[in-house]
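Survey of secondary and tertiary structure
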Amino acid sequence: MRNDIARIQRHIGVSPDGVVGPLTIRALKKALGLPTTSTPSWPTQADVRRGTSIFGSPGCENQLASLIPPYPLYYEGKPVRSIRVHRLIAAHVQEALREVLEHYGEAEIHRLGLDLYGGSYNYRHTSSGKALSMHAWGIALDFSSAANSYNTRAPRATLSHPDCERWWQIWESHGATSLGRKYNRDWMHLQFADC
């Protein structure tokens with residue numbers, strides 16, 4: 001079955017991993033002439049933590065993909081060459097960053113701190129220490145951490161400002177969830193799992 005799916009994926013121009021995920025569905029819709037604008041649906045955090053989701057087990061480095069960001073990112077002031085995320089979200093992350101660049105341009109990205117990368121894959125617990133973070137699966141990313149820390153709320157969190165509205169719309173169009181927009185905390189964090 002997995003080989004059949006991979007063969008179909010090759011035919012429609014998707015990386016042949018044998019898993020039917022949002023990119024495969026979008027490509028199938030396009031090939032069939034159906035609207036492709038629907039937002040991808042990702043598993044819930046609970047399903048991810050139970051190990052019953054498409055993301056598998058945490059800490060599986062063979063599930064990760066490295067991608068080169070389309071605009072310069074900086075981690076603790078140093079340029080980032082590549083970022084590692086779960087292979088099932090890699091194309092979404094790449095496309096979202098490309099859309100951010102297209103919308104804002106490098107100068108505005110820098111002014112807003114959208115180039116301040118705080119990390120993605122990291123096998124660790126949440127800040128409360130009670131459960132594994134979505135970072136442990138490589139399905140979460142942090143940006144502009146200093147100005148958008150866990151307890152910084154709107155309007156002090158810079159990513160809560162109106163000039164970042166399009167930033168969030170882009171990520172949400174790929175199915176990502178903002179904890180800041182959902183709970184008014186942890187504005188730096190976005191994840192490809194529903195809360």
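An account of the accompanying structure is given in this report. Predicted, not measured: the structure shown is a model, and the values here were computed from it.

When you go through the chain residue by residue, the secondary structure sums to six helices and eight strands. For the chain, the N- to C-terminal ordering of α and β elements is α-α-α-β-β-β-β-α-β-β-α-β-α-β. Based on the C-alpha atoms only, the size of the chain along its principal axes is roughly 50 × 40 × 30 Å. Per-residue burial for the chain yields a buried fraction of 44% across its 195 residues. Considering only contacts within the chain whose residues lie at least 6 apart along the sequence, 56% involve residues at least 24 apart. Positive and negative charge centroids in the chain, built from 22 and 17 side chains respectively, lie 5 Å apart.

Within the structure shown, the criterion is met by 10 aromatic pairs. Taking the centre distance of 5.0 Å and the plane angle of 85° together, the rings of Phe143 and Trp167 count as edge-to-face. Separated by 24 residues along the polypeptide, Phe143 in strand β6 (residues 140-143) and Trp167 in helix α5 (residues 165-173) bring together distant segments of the chain. Considered together, Phe143 and Trp167 belong to a single accessibility category, that of buried residues. A network of ring pairs unites the aromatic residues Trp42, Phe55, Tyr75, Tyr117, Phe143, Trp167, Trp168, Trp171, Trp187 and Phe192 as a single cluster.

Here we take up the pattern of salt bridges. If you walk through the whole model with that rule in mind, you get 10 salt bridges. Residues Asp47 and Arg50 are paired through a salt bridge, measuring 2.4 Å at the closest nitrogen-oxygen approach. Taken together, the residues span about one helical turn, with Asp47 and Arg50 both in helix α3 (residues 45-50) at a distance of three residues. Using a relative accessible area of 24% as the deciding quantity, one classes Asp47 as partly exposed. Between Arg84 and Glu61 there is a salt bridge, and its shortest N-O distance comes to 3.1 Å. Here Arg84, found in strand β4 (residues 83-86), pairs with Glu61, found in the loop between α3 and β1 (64-67); they are 23 residues apart in sequence, far enough to count as distant. We classify Arg84 as partly exposed; its relative accessible area is 32%. Exposure remark for Glu61: the relative accessible area of 45% places this residue in the partly exposed category. One network of salt bridges, with partners in common, ties together Glu95, Arg98 and Glu102.

All right, on to the nonpolar core then. Residues Val93, Leu114, Trp167, Trp171 and Phe192 are the most contacted members of the largest nonpolar core, which totals 43 residues. Among the elements of the structure, β1, β4, α4 (87-112), β6 and α5 are those that each provide at least two residues to this core. Considering each element in turn, this core owes the most residues, 10 residues, to α4. Ignoring anything within four residues of it in the chain, the contact list for Trp171 reads Val93, Ala96, Leu97, Val100, Phe143, Ala176, Leu190 and Phe192.

So, how was this worked out
Residues numbered from 1 in each chain as written. Predicted model: local features only at pLDDT ≥ 70, side-chain atom pairs only at ≥ 80, totals over all residues. Heavy atoms only, no water. Helix = DSSP H or I, 4+ residues; strand = E, 2+ residues; numbered from the N terminus. Buried < 20%, exposed > 50% of the residue type's maximum accessible area, 1.4 Å probe, protein only. Contact = heavy atoms within 4.5 Å. Lys, Arg positive; Asp, Glu negative; His and termini not counted. Charge placed at Lys NZ, Arg CZ, Asp CG, Glu CD. Phe/Tyr/Trp six-rings, centres within 6.5 Å; stacked < 30°, edge-to-face > 60°. Salt bridge = Lys/Arg side-chain N within 4 Å of Asp/Glu carboxyl O. Core = buried A, V, L, I, M, F, W, Y, C linked by side-chain atoms within 4.5 Å.

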